[in-house]
Protein chains: 2
Amino acid sequence: MDQDIIKKIPHKTIERLSQYRRALLICLSQGKTHIFSHEVAEIQHITAVQVRRDLMLIGYSGNLRRGYNIKDLIALIGTIIDSQDGQRVAVFGMGNFGRAISAYFEGRRERLSIVAGFDVNPQKIGTSIAGVPVYHIDRACEIISKEKIKIGIITVPGNQAVETAKIMVDCGIKGILNYSPSPVKVPEDVFLEEYDMITSLEKVAFYVKEH
Amino acid sequence: MDQDIIKKIPHKTIERLSQYRRALLICLSQGKTHIFSHEVAEIQHITAVQVRRDLMLIGYSGNLRRGYNIKDLIALIGTIIDSQDGQRVAVFGMGNFGRAISAYFEGRRERLSIVAGFDVNPQKIGTSIAGVPVYHIDRACEIISKEKIKIGIITVPGNQAVETAKIMVDCGIKGILNYSPSPVKVPEDVFLEEYDMITSLEKVAFYVKEH
DNA sequence: TTTGTCCTGTGAATTGAATAACAAAAACTA
DNA sequence: TAGTTTTTGTTATTCAATTCACAGGACAAA
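Now for a look at the structure at hand. (Residues numbered from 1 in each chain as written. Chains lettered and ligands numbered in written order. Predicted model: local features only at pLDDT ≥ 70, side-chain atom pairs only at ≥ 80, totals over all residues. Heavy atoms only, no water.)

So, about the overall build of chain A. Summing up its helical and strand segments, chain A has 9 helices and 9 strands in all. Taking all 211 residues of chain A together, the buried fraction comes to 52%. Restricting the contact set of chain A to residue pairs at least 6 apart, pairs at least 24 apart contribute 56%. Entry remark: accessible area of chain A is about 10,300 Å², with carbon and sulfur atoms responsible for 51%. Averaging the coordinates of the 27 positive side-chain charges in chain A and doing the same for the 24 negative ones gives two points 5 Å apart. (Helix = DSSP H or I, 4+ residues; strand = E, 2+ residues; numbered from the N terminus. Buried < 20%, exposed > 50% of the residue type's maximum accessible area, 1.4 Å probe, protein only. Contact = heavy atoms within 4.5 Å. Areas by Shrake-Rupley, 256 points an atom, 1.4 Å probe, with all protein chains shown as cover. Lys, Arg positive; Asp, Glu negative; His and termini not counted. Charge placed at Lys NZ, Arg CZ, Asp CG, Glu CD.)

Take a look at the structure:
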């Protein structure tokens with residue numbers, strides 16, 4: 001697929017493609033071969049138009065009478081969001097969250113695997129949590145370069161997030177997923193996604209309060 | 001504050017207010033009394049205009065020369081996003097994620113507290129995880145009504161999410177935060193927020209791949 | 001005073017994403 | 001064969017959120 005086209009896919013569409021793929025894999029395992037836009041929409045609780053528009057953006061054409069070929073579509077989504085030779089991820093902060101995330105991803109995605117965890121707690125260094133070896137943060141650059149890690153997840157306490165992000169950037173990490181409550185700043189060439197659970201829970205609480 | 005005005009505050013502004021408040025509390029603890037929009041903006045890594053506009057929407061006026069009074073602003077944000085008598089939350093699924101979330105919130109927010117956890121694992125029932133008592137999911141309605149719980153967090157495996165959400169809605173939960181990889185559907189009067197970690201990580205991986 | 005600087009507050013323009021509306025193709029139905 | 005139904009693909013519209021642009025107040029210095 002052409003680079004210029006990929007660059008123009010909206011962020012939200014990328015997110016939905018990831019979700020379509022997982023839904024499609026389930027359908028495929030149930031023996032389905034084709035699926036209509038309104039069926040995908042129903043699984044994801046969105047509209048059929050949105051599904052068709054997303055697929056239009058990635059240049060996939062369905063069959064007017066049978067809908068979309070599930071296998072082909074999964075493959076096409078793969079060529080867009082997966083990286084050719086797989087991507088390697090490190091978790092910074094192996095506390096409760098770090099452990100939960102490591103366990104969650106263990107053996108789930110072949111092209112996206114968590115291969116290292118970093119912490120400062122001497123009791124954790126050298127151990128393996130959910131199949132992920134834990135190193136001292138001082139060895140970050142060494143391990144990141146050796147393991148060819150490009151993506152890092154921040155699960156350290158808020159007051160250490162900024163410092164941790166700096167280390168990550170200095171060691172050559174190119175994508176950061178920040179789950180700490182403190183926003184961090186990164187250079188333009190590093191992709192940053194932040195998600196704050198406290199904010200989300202307060203938001204839900206707000207809308208519940210407002211009926 | 002007037003109900004009609006509150007209803008019109010954009011979702012994104014509500015999220016930022018939650019974040020401003022936490023940043024302001026830190027500033028206050030450092031002895032600051034006033035703050036400029038561009039200072040808040042710098043902490044949050046957004047623009048000063050955005051900060052001013054958000055504060056405009058909640059009807060707060062700053063001082064032209066000294067900026068915003070931190071204490072007043074914290075109080076005002078509280079009247080908007082906090083509930084008068086506090087809100088009570090339950091976690092559905094006390095696996096790694098449920099535990100991490102319970103530990104994360106333990107004693108952190110007085111007006112927003114996790115008071116129950118639900119699971120099906122007999123080994124967990126009756127125990128207390130991070131200060132949260134764990135009950136069998138079959139007792140959900142009983143506990144939810146007794147504890148006056150209005151908000152639920154879904155951290156069960158994807159294949160159980162839909163069923164869990166149904167139980168939550170039937171028991172009178174009015175706000176759901178779904179952290180499972182499966183989207184769920186709820187009636188119109190229930191507020192739903194979904195966040196999928198796999199999607200986020202795949203999104204970061206995509207944009208890293210595209211430089 | 002007057003001038004200059006540094007803020008806030010806000011209408012207008014822009015961007016980004018979701019929704020509506022509909023043409024056209026394919027396959028039935030009568 | 002002509003009409004009906006179903007579904008895709010796409011253009012146009014609407015809606016939400018952000019950014020631009022600037023008026024106007026407060027103070028400091030000259």
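After that view of the structure, there is still more to cover.
Attention now goes to helix H5 (residues 70-81) of chain A. The terminal C-alpha atoms of H5 of chain A lie 16 Å apart, and with 12 residues this matches the ideal 16 Å at 1.5 Å per residue to within 8%. For H5 of chain A, the set of buried residues is Ile70, Leu73, Ile74, Leu76, Ile77, Gly78, Ile80 and Ile81 of chain A. Tucked inside the fold, the buried residues of H5 of chain A contact helix H2 (11-29), strand S1 (34-35), helix H4 (48-57) and strand S2 (68-69) of chain A together with helix H9 (197-209) of chain B. For H5 of chain A, the N-terminal capping position is held by Asn69 of chain A, with its side-chain oxygen 3.0 Å away from the main-chain nitrogen of Lys71 of chain A. (Expected span 1.5 Å × (residues − 1). Polar contact = N/O pair within 3.5 Å; in protein donor to acceptor, adjacent residues only side chain to side chain.)

Turning next to the protein's contact with DNA strand D. Residues and elements named next belong to chain A. Lining the immediate environment of DNA strand D, one finds 24 residues, of which Ser37, Arg52, Arg53, Ser61 and Gly62 sit closest. Near-protein atoms of DNA strand D (within 4 Å) split between backbone and bases, with sugar and phosphate holding 56%. Arg52 is positioned with one of its side-chain polar atoms (N or O) 2.9 Å from a base nitrogen of DNA strand D. A distance of 3.2 Å is found between a base oxygen of DNA strand D and a side-chain nitrogen or oxygen belonging to Arg65. (Near = heavy atom within 4 Å.)

Right, let's get into the protein's contact with DNA strand C. In the vicinity of DNA strand C, 24 residues are found, and the nearest of them are Ser37, Arg52, Arg53, Ser61 and Gly62 of chain B. Interatomic distance of 3.0 Å between a side-chain N/O atom of Arg16 of chain A and a phosphate oxygen of DNA strand C. The separation between a base oxygen of DNA strand C and a polar side-chain atom of Arg65 of chain B is 3.2 Å. Only H2 and H4 of chain A together with helix H3 (37-44) and helix H4 (48-57) of chain B provide two or more residues apiece to the surface near DNA strand C. Examining the composition of the surface near DNA strand C, we find that 4 residues originate from one element, H4 of chain B, more than from any other.

As a further point, take the sheet that holds strand S4 (residues 112-119) of chain A. All names here are of chain A. Read across the open sheet, the 7 strands follow the order S5-S6-S4-S3-S7-S8-S9; overall the sheet is mixed. Two strands close off the open sheet at either side, each with one partner strand: strand S5 (128-129) and strand S9 (191-194). Here helix H8 (residues 158-170) sits on the sheet and contacts strand S3 (87-92), strand S7 (151-154) and strand S8 (175-178); the angle it forms with S7, its principal contact strand, is near 170°. (Pairing = 2+ DSSP bridges. Axes fitted to C-alpha atoms, helices over the stretch in contact; angles between N-to-C directions.)

What follows is about the packing of helix H6 (residues 96-105) of chain A against H9 of chain B. Running from amino to carboxyl end, H6 of chain A crosses H9 of chain B at an angle of 85°, the nearest separation of the two axes being 11 Å. One element, H6 of chain A, and the other, H9 of chain B, form an angle in the roughly perpendicular class. When H6 of chain A is examined against H9 of chain B, the residues Ile101, Tyr104 and Phe105 of chain A are found in contact with a partner set consisting of Met197, Ile198 and Leu201 of chain B. Class assignment of the residues belonging to the contact of H6 of chain A with H9 of chain B gives a composition of 6 nonpolar, no polar and no charged. (Parallel < 35°, antiparallel > 145°, perpendicular 65-115°, else oblique. Nonpolar A, V, L, I, M, F, W, Y, C, P; charged D, E, K, R; others polar.)

Let us look at the pattern of salt bridges. For the structure on display, the rule yields 30 salt bridges over all chains. Close ionic contact of Glu39 of chain B with Lys32 of chain B constitutes a salt bridge, the shortest N to O distance being 3.1 Å. Since its relative accessible area comes to 22%, Glu39 of chain B is described here as partly exposed. The closest approach of N and O atoms between Asp189 of chain B and Lys174 of chain B, which form a salt bridge, is 2.9 Å. Placement of the pair is Asp189 of chain B in the loop between strand S8 (175-178) and strand S9 (191-194) and Lys174 of chain B in the loop between helix H8 (158-170) and S8, with a sequence separation of 15 residues. Using a relative accessible area of 31% as the deciding quantity, one classes Lys174 of chain B as partly exposed. Overlapping salt bridges bring together Arg21, Asp82, Arg109 and Arg111 of chain A together with Glu202 of chain B as one network. (Salt bridge = Lys/Arg side-chain N within 4 Å of Asp/Glu carboxyl O.)

Quick look at the environment of Pro187 of chain A now. Residues and elements named next belong to chain A. The topology assignment puts Pro187 in the loop between S8 and S9. Under the relative-accessibility criterion, Pro187 is labelled partly exposed at 37%. Put simply, Pro187 and Tyr20 are 167 residues apart on the chain and 31 Å apart in space, counted from C-alpha to C-alpha.

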